[in-house]
Each structure stands twice: as C-alpha cells, then as structure tokens.
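Letter by letter, the chains look like this.
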Amino acid sequence: MLLKAAPTLLRICVQTAIKPPAFYLSAGVVSSRDPLCAQHKGRLFSVSARSLKNNKRKSLWQQFAERRNMDGNTEEVLAPLRKAVKEQGDLVRQLKEEKAPAVDVSKAVAELKARKRVLEAKELALQPQDDIVDRPKLEDTLKRRFFYDQAFAIYGGVSGLYDFGPVGCALKNNIIQLWRQHFIQEEQILEIDCTMLTPEAVLKTSGHVEKFADFMVKDVKNGECFRADHLLKAHLQKLMSDKKCAAEKRAEMDSVVTQLDNYSQQELAELFVKYNVKSPVTGNDVSPPISFNLMFQTCIGPGGNMPGYLRPETAQGIFLNFKRLLEFNQGKLPFAAAQIGNSFRNEISPRSGLIRVREFTMAEIEHFVDPNDKSHPKFQSLADLELTLYSSKAQTSGQSAHKMKLGDAVEQGVINNSVLGYFIGRIYLYLVKVGVSPDKLRFRQHMDNEMAHYACDCWDAETKTSYGWIEIVGCADRSCYDLTCHARATKVPLVAEKPLKEAKTVNVVQFDANKGAIGKAYKKDAKLVMEYLAICDECYITEQERLLNEIGEFTIETEGKTFKLTQDMVSVKRFQKILHVEEIVPNVIEPSFGIGRIMYSIFEHTFHVREGDEQRTYFSFPATVAPYKCSVLPLSQNHEFVPFVRELSEALTRNGVSHKVDDSSGSIGRRYARTDEIGVAFGITIDFDTVNKTPHTATLRDRDCMRQIRAEVSDLPSIVRDLANGVTTWAEVENKYPIFEGQETGRKEMTEE
C-alpha cells in the first residue's frame, strides 16, 4: 500500500516543500530515502534481491516494519502528510460551499482520498514490528488444520469460493450463535429467513441492477478477466516506477491514478489505448472496458420468462416483509428485524482469502424507527463506553483516530443520533467478545462523498490486519429510502401509523392528475399511471414539479413501462388536512456484518507463536467461540483409562460442552500442541493419579497460560461449561482448586496394583 501510494507521496512532498523520496522498483530491488524527518536525511534503506528471496514468506507489512527507520518522533514524520490532507480537505469544503462544477469537486475529492491513503500507509508502516502477524505461517496453519480451503481444490479450485473444514465450521457457527444471543435475544429482534433467489424487479427497484457493477477488460486471446481500474492503476504505477520516466509524464499518470474512481467507460477505454495497457499475465492485448454487473444472474422457472439473481445482500428480504413484521409487532415502532444467510457477488478479481469472495455469509439488522424520534431508551447504558472513532472531520483534517466516549460523540454531533450510537456500541462489544482485539479496532465515519445520497450517517467497524485496515461491519442510517422505493414500485404503502396526542393540521402535497388527458394519451395503461401518481411522497412530487416548471414534462417508470407526463396531464396541488393519526415512513438503522471478514480478523488477532518455540503456534480464541471448548487426553492407552474417558465425554455432552477426545499414542506435550493449534480452550488430562487414587481426579489445563489445576472428575464438566459460557474465569478457577505440579503415581505403581 505504501509503495502504491508513492507517486502521490512524491507530489505531496513537492507541494509541501519537502525533499521528495525516490522509489526504485526494478528486478527485485527496492530502495527509498525517507526525507519526511530531517533526522532521516541521507539514510538509505534497501531490499536486495537476496534479502527479498530470504523474506519471500514474509508479508509486505512485515518487511516494511523490519526496515523502517524509527529515529525521531513519529509525529514529526507524519506532520507533513497530515498537513497535506488537511489542505486538500479544506479545498474540498471550499469548492462545495462555492457550488463549484461537479467535475472540479470530484477531482479534488479523488486527490483527498489519495492523500489519505498515503497518510494511512505511512502510519501503518510505522507501527511496532510485534504488531504484525506472520501471515504465511498463519495461512499455513489454517490450511494444514483445514479451517478452510479453496473450493473444488481437486479440480484446480475456483477463486473466491471456499469450503470450511470441521474446525472452521465450528468456529463460524459459534460466531453466528453468539451474534444471535448478543443481538436477536438480548435486543428482542425479529429474525426471518428469506429466499436467496430474487426476481429482477426487486433489485431493479433497489438500484442493484443499474448500479451494482464494475468495469472489466478481457485478455483477447485466453479470455482472462481483470477489473479495469485495478489493471490500469497497476500498469501506470509500474511505468512511474521506471527511473527513465520523466517527471512531467509521472505527474500526468499520477493524476490519472488519483481520479480512477471518476472515469466513465469511454474515458477508461481511451486511457487503456493511450498507455498501451496489456494483460499482466500473458502480455496480450485486452478488450475495451465493459460494464460487468456483480450479481449472479439466473432464470426462475423452466420457461426463462422471469429473470432473477442470487441476492447480493440479505437486507431486501426484510424490507419486502416490513408490513408483515409491523403487524407481528402489533403496529408499534421502533422494532428491528434480522436475517443471517449467504449472499453472492461475482467479483471480477477475488483476492485476500476470506476478505474478498464470491459467496459469503452476512448477518444484517434493520432497525425501523420514527424519523422524528431517533433516540434509544437503552443508550445511557453504553454512554460511558470508550472506543476509537475516526470521524469524517478527522479524516479531512489529517488527524488520527482517537478514543471517545459514545455519550460525548452523540452529544457533540460526531455520531448523528443515539440509535446509531447505541448500535455502534453494541457492535463494539460483540466484536471484542468474539475475539477481535480492541487495540486493532476502530469505527471510521464515511465522508460526504462516500455516503449514498439517501444516507444520514454511516460508520464502518474496521480492523487492522496484515492487509491494512479492512471493513468488517457497516452501520448506516439509511433514512426511508428502501421502503419508499419499494412502496412506489409496488403501490403497497409501507408505512406505520402513529397516534397523535392532539389533532393537528398538516400541509398536504399531491399530484392532481387530469384523467381525461392521461386516458387519451395512454389508453389501457392510464390506470397504471394514475395509481403510481397516487402513492408518490412529497419529496418526489416536489422534485417532479421542478422538472414540470423547468422543461414542462417528467417521466415515470412502473411495471416495466415508461410514461412521459406533461403540464396538461398533471399538476401539483397543496392543501391542509386535520389528522388524528399520522402515517410515517420509518427510517432504518442498518448494522451489516460480514461473517467471513470477522473470522479472518479473529484469526489474525488471536494467532500466536509460543515463546521459545517458533514451531508451536496456537489460536487464543475466546472460549465462547472456540471450535471445541475442551479436549480429553488420556495419558496412556491402557484399558484402565477407557472408563474415565467415556465418563468425561458423556458428562461433557450432557453439559452442552463441545469436546474432542485425543487418545493417540503421541506424547502429551505433542497432543497439547495439536489441540492448541486449533484453538481448543481447555484440556482435561486423565493421568495415573486419576486411575490409582480416590476420589478420582484429573487435571484441567488452560490453553493460553498453560497452567493446570486438579479437580474431581465429576466436577470438571461443569467447570468447563461455566468457563466456556463466561460464567466464571480461569483466575477464579485457580483460586478455588489446587494448582497441578505433577502426578504422584506412575505407570509402574498402577501395574503392580
């Protein structure tokens, strides 16, 4: 990421009167001078071909961490970059205030994003070395112990599709079960389960058919596909890294890179021709960019007359069932509905393991609330919760994320309302509970240019990984957009009734349709037009009224047909009405969880290497989500141990404790290592004292500290159950039971008996 940001960093340094760094990327040699601090001047760090070979199994972040120069104060290093971001943020605000042309605003926003990326890359590169996971070793463990692996591997595998093995499946199920307990049960949320097949009309209304797309190019000979903006960016960065590239040409290409998000299909095609972009794999020509919808399309039914898609998100099913859910909740607001299930996105270039895939599990909540009362009755219970917030203002000012109490954030307007703030707090508590490190978790607010036009506020829970900061949960105030769109398309009012304490007079805005003119123009379809006009909301009516006044007409689309309406067919009327019951379209607060991304974050945050033994790795999963809560390990294969193994296994099952029996012939240390490697939280060892002495006791070992206690066999299942459910802690167990220091009898004594 730091290398990718190098061209923008070069320009920023020039603009801020700092000596620019020189990046050289060729034939396996990387070198740079870091001029951002005077104390660094002249200190060259380089990565030779030999060192690259030696470090081929290390992640890019590790190599940066090992070679960074930490002399001087980190803030002195970051200060020029923060200043550059702040200046660009001020420029964006100024352009918006002055209502500058959209193209100028877009260009300034693209530059702001580029400067933010440079700052974030530098911040990550300066992180402590012990903060970075050994990703190759982690991935080796995950694959070797079959947490998950590429699907259809014996056929060569398919990118972006993964199968979960026994351990990964158990972990995923525990994460989901804890999600149900934390949200659905504790918040009394209504859970539904909708079909994954979705008719095209639904996704047309939601905007997915039109907008859920990326530009793609193909290798003209072998048909390999690439995402157009990613390929162009990589190609230009390669050209810019050439020493022979002129400064003027480099600046031109850098400008293209910073604006990649803003180019149209035709503009991208021209850039591909201008810079002679080829396939990076074969060197073949590539096709012009085409728009590629990321949804998997299919046909519902044998006739092929009903096009449909595999759902790209679970939320739409909840919106479509809003009316039934409201009735189930006795017509009262607020209430929330949730759904857990698989969604599908046909990614052009899936990568980074579980982070960008084509099929993934989502858990989404839609909290429906009165738009005039976005207060949560339980918010005060979380008001003192302190978490790391990265506000929009901080991002555009070049500041870092900082800790803040939720109550202060809502009171100061950093977070839009207490309902949104409450869910952010609940998301934080859930993520920490399942194993995400609080020190590597932040909530980043979307900037204005990132948010959908209908959103009031939006925050992403992001975790720091070896890939940088990745989004794992989104929490957005979506206003009333979805319900309004579906109501307009189906002519079914998706509203709630709110009794008024006192009758009130309201201003009403409606379309006044000329039935004669519409009937004459559209004959049998006139009824469709009239029904559509009857359900339009004030915001939409006002927008169309503006078009009527400016150009004398506007168009509507309903049931797949488009109709043009002119001033002689429709006008707008305004009048007052006395109401005793008010109809409102609820606003929606939507927390959306990517289970696969949460899992990957947990893998990185809980992966450790035993001190003094680089070959022994383990996962410190919280006991509540550990794939197996306990292992049962007989010290010997002697038949005298069998009854105790059976007794413990049956008792653990009765207590609802998932466990794994390992009665193999390996040493006890090796078996501990095997169970630690898949994150088993506790281990019961049946030794010779268990068999020889009464009352019968066995040892219980904690995975993380590796200390053991001794307790009666009959007590151990309930102890493990309480540990796994969070009822008690290991420290409390150690205080209650004697620490195990060694068994008193051995194999010889048992044989003599």
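Residues numbered from 1 in each chain as written. Predicted model: local features only at pLDDT ≥ 70, side-chain atom pairs only at ≥ 80, totals over all residues. Heavy atoms only, no water.

A look at the overall build of the protein chain
Next up, step 1: Each helix and strand in the protein chain was counted, giving 28 helices and 31 strands.
Next up, step 2: In the protein chain, which comprises 753 residues, the proportion classed as buried is 51%.
Next up, step 3: Sequence-distant contacts in the protein chain: of pairs separated by 6 or more residues, those separated by 24 or more amount to 69%.
Next up, step 4: Of the roughly 36,800 Å² of accessible surface on the protein chain, a fraction of 50% belongs to carbon and sulfur atoms. (Helix = DSSP H or I, 4+ residues; strand = E, 2+ residues; numbered from the N terminus. Buried < 20%, exposed > 50% of the residue type's maximum accessible area, 1.4 Å probe, protein only. Contact = heavy atoms within 4.5 Å. Areas by Shrake-Rupley, 256 points an atom, 1.4 Å probe, with all protein chains shown as cover.)

Description of a nonpolar patch on the surface
Next up, step 1: On the surface, Phe 152, Ile 154, Tyr 155 and Val 158 cluster together into a nonpolar patch covering about 530 Å² of accessible area.
Next up, step 2: In this structure, Tyr 155 sits in the loop between β4 (148-150) and β5 (162-164).
Next up, step 3: By relative accessible area, which is 76% here, Tyr 155 ends up exposed. (Patch = residues over 30% accessible without salt bridge, like charges linked within 9 Å, V, L, I, M, F, W, Y side chains within 5 Å. Salt bridge = Lys/Arg side-chain N within 4 Å of Asp/Glu carboxyl O.)

Re the packing of aromatic side chains
Next up, step 1: Scanning the model with the defined rule gives 27 aromatic pairs in all.
Next up, step 2: In this structure an aromatic cluster arises from ring pairing among Phe 147, Tyr 148, Tyr 162, Phe 164, Phe 603, Phe 607, Phe 619 and Phe 621.
Next up, step 3: One cation-aromatic arrangement involves Arg 135 over Tyr 467; the distance from NZ or CZ to the ring centre is 3.7 Å.
Next up, step 4: Taking the ring centre of Tyr 618 as reference, the NZ or CZ of Arg 610 above it sits at 3.8 Å. (Phe/Tyr/Trp six-rings, centres within 6.5 Å; stacked < 30°, edge-to-face > 60°. Lys NZ or Arg CZ within 6 Å of the ring centre and 35° of its normal.)

Section: the pairing of strand β24 (residues 587-594)
Next up, step 1: In terms of residue burial, β24 counts as a mostly covered element, since 8 of its 8 residues are buried.
Next up, step 2: Pairing of strand β14 (residues 359-369) with β24, which is carried by 6 bridges, proceeds in the antiparallel orientation. Among the inter-strand pairings, Glu 364 is bridged to a residue of β24, identified as Ser 592.
Next up, step 3: The pairing of strand β19 (residues 468-477) with β24 spans 5 bridges and is antiparallel. Following the sheet pairing, Val 473 is matched in β24 by Phe 593. (Pairing = 2+ DSSP bridges.)

A few points about the sheet that holds strand β10 (residues 290-293)
Next up, step 1: Overall, antiparallel pairing links the 3 strands, which are arranged β9-β8-β10 in an open sheet. Unpaired on one side and paired on the other, β9 (225-227) and β10 mark the two borders of the sheet. The sheet shows a mean angle of 50° between the axes of neighbouring strands, taken without regard to direction.
Next up, step 2: Seen against the sheet, helix α10 (residues 228-240) touches β8 (213-218) and β9 and runs at an angle of roughly 80° to β9. (Axes fitted to C-alpha atoms, helices over the stretch in contact; angles between N-to-C directions.)

Examining the confidence of the model for the protein chain
Next up, step 1: The predicted model of the protein chain averages 85 in pLDDT, with 88% of residues at 70 or higher.
Next up, step 2: Across residues 1-72, where pLDDT falls below 50, the model places 143 contacts with residues more than four positions away in sequence or in other chains.
Next up, step 3: A low-confidence stretch, residues 748-753 stays under pLDDT 50, and its non-local contacts, those more than four residues away or across chains, total 8 contacts. (pLDDT = per-residue confidence, 0-100.)

Here we look at the packing of helix α23 (residues 642-654) against helix α26 (residues 716-724)
Next up, step 1: Taken N-terminus to C-terminus, the directions of α23 and α26 make an angle of 40°; their axes are 9 Å apart at the nearest point. On the basis of their axis angle, the class for α23 and α26 is oblique. Taken as a pair, α23 and α26 cross one another with a handedness that is right-handed. When α23 is examined against α26, the residues Leu 648, Ala 651 and Leu 652 are found in contact with a partner set consisting of Leu 716, Pro 717 and Val 720. (Parallel < 35°, antiparallel > 145°, perpendicular 65-115°, else oblique. Left-handed = near helix turned anticlockwise from the far one by under 90°.)

With respect to the side chain of Asp 214
Next up, step 1: If you trace the backbone, Asp 214 turns up in strand β8.
Next up, step 2: Overall, Asp 214 belongs to the buried group, its relative accessible area being 17%.
Next up, step 3: There is a polar contact of 3.4 Å between the side chain of Asp 214 and the side chain of Arg 227.
Next up, step 4: Setting aside residues no more than four positions away along its own chain, Asp 214 makes contact with Arg 227, Ile 290, Ser 291, Phe 292, Leu 294 and Ile 348. (Polar contact = N/O pair within 3.5 Å; in protein donor to acceptor, adjacent residues only side chain to side chain.)

A word on unusual backbone geometry
With the exception of glycine, most residues fall at negative phi, and the peptide bonds are largely trans.
Next up, step 1: Across the junction of Leu 333 and Pro 334, the peptide omega takes the value -5°, indicating a cis bond.
Next up, step 2: Relative to the assigned elements, Pro 334 resides in the loop between α14 (322-328) and β13 (335-344).
Next up, step 3: Thr 694 connects to Pro 695 through a cis peptide bond whose omega is -5°.
Next up, step 4: Within the secondary structure, Pro 695 is located in the loop between α25 (688-692) and β30 (697-702).
Next up, step 5: The phi dihedral of Ser 479 falls on the positive side, at around 50°, and the residue is not glycine.
Next up, step 6: Among the structural elements, Ser 479 can be located in the loop between β19 and α18 (481-490).
Next up, step 7: Using a relative accessible area of 12% as the deciding quantity, one classes Ser 479 as buried.
Next up, step 8: Backbone geometry at Lys 523 places phi at a positive 50°, although glycine is not the residue there.

Overview of helix α24 (residues 668-677)
Next up, step 1: Listing the buried residues of α24 in full gives Arg 671, Tyr 672, Thr 675, Asp 676 and Glu 677.
Next up, step 2: As for α24, its buried residues are in contact with α6 (135-144), β26 (617-619), β27 (630-634), β29 (682-686), β30 and β31 (708-712).
Next up, step 3: Taken from the residues just after α24, Gly 679 is the one with a positive phi, measuring 80°.

Structural notes on the pattern of salt bridges
Next up, step 1: For the coordinates displayed, the defined rule picks out 39 salt bridges.
Next up, step 2: For the salt bridge of Arg 115 with Glu 111, the shortest nitrogen-to-oxygen distance reads 2.8 Å. Residue Arg 115 and its partner Glu 111 are located together in helix α5 (residues 102-125), separated by 4 residues, close to a single helical turn.
Next up, step 3: Its relative accessible area of 10% is what places Glu 111 among the buried residues.
Next up, step 4: Look at the salt bridges and you will find they share partners, linking Asp 140, Arg 144, Arg 145 and Glu 677 into a network.

Structural notes on the sheet that holds strand β16 (residues 402-405)
Next up, step 1: Pairing is mixed across the open sheet formed by 9 strands, whose spatial order is β6-β13-β14-β24-β19-β18-β17-β15-β16. The open sheet has two free edges, formed respectively by β6 (190-191) and β16, since each of these has just one partner strand.
Next up, step 2: Pairing geometry for strand β18 (residues 457-465) and β19, over 9 bridges, is antiparallel. The residue bridging Thr 465 from the neighbouring strand is Gly 468, located in β19.

Some details on the nonpolar core
Next up, step 1: If you look at the biggest cluster of nonpolar residues, it comprises 95 residues, and the most contacted ones within it are Trp 179, Tyr 430, Leu 431, Phe 603 and Leu 700.
Next up, step 2: In terms of residue count, helix α17 (residues 418-434) provides more of this core than any other element does, 10 residues in total.
Next up, step 3: Residues within four places of Leu 700 in sequence aside, it is in contact with Phe 682, Gly 683, Ile 684, Arg 707, Gln 708, Ile 709, Leu 716, Ile 719, Val 720, Leu 723 and Trp 730.
Next up, step 4: With 20 residues, the next largest nonpolar core counts Val 529, Tyr 540, Ile 541 and Phe 563 among its residues. (Core = buried A, V, L, I, M, F, W, Y, C linked by side-chain atoms within 4.5 Å.)

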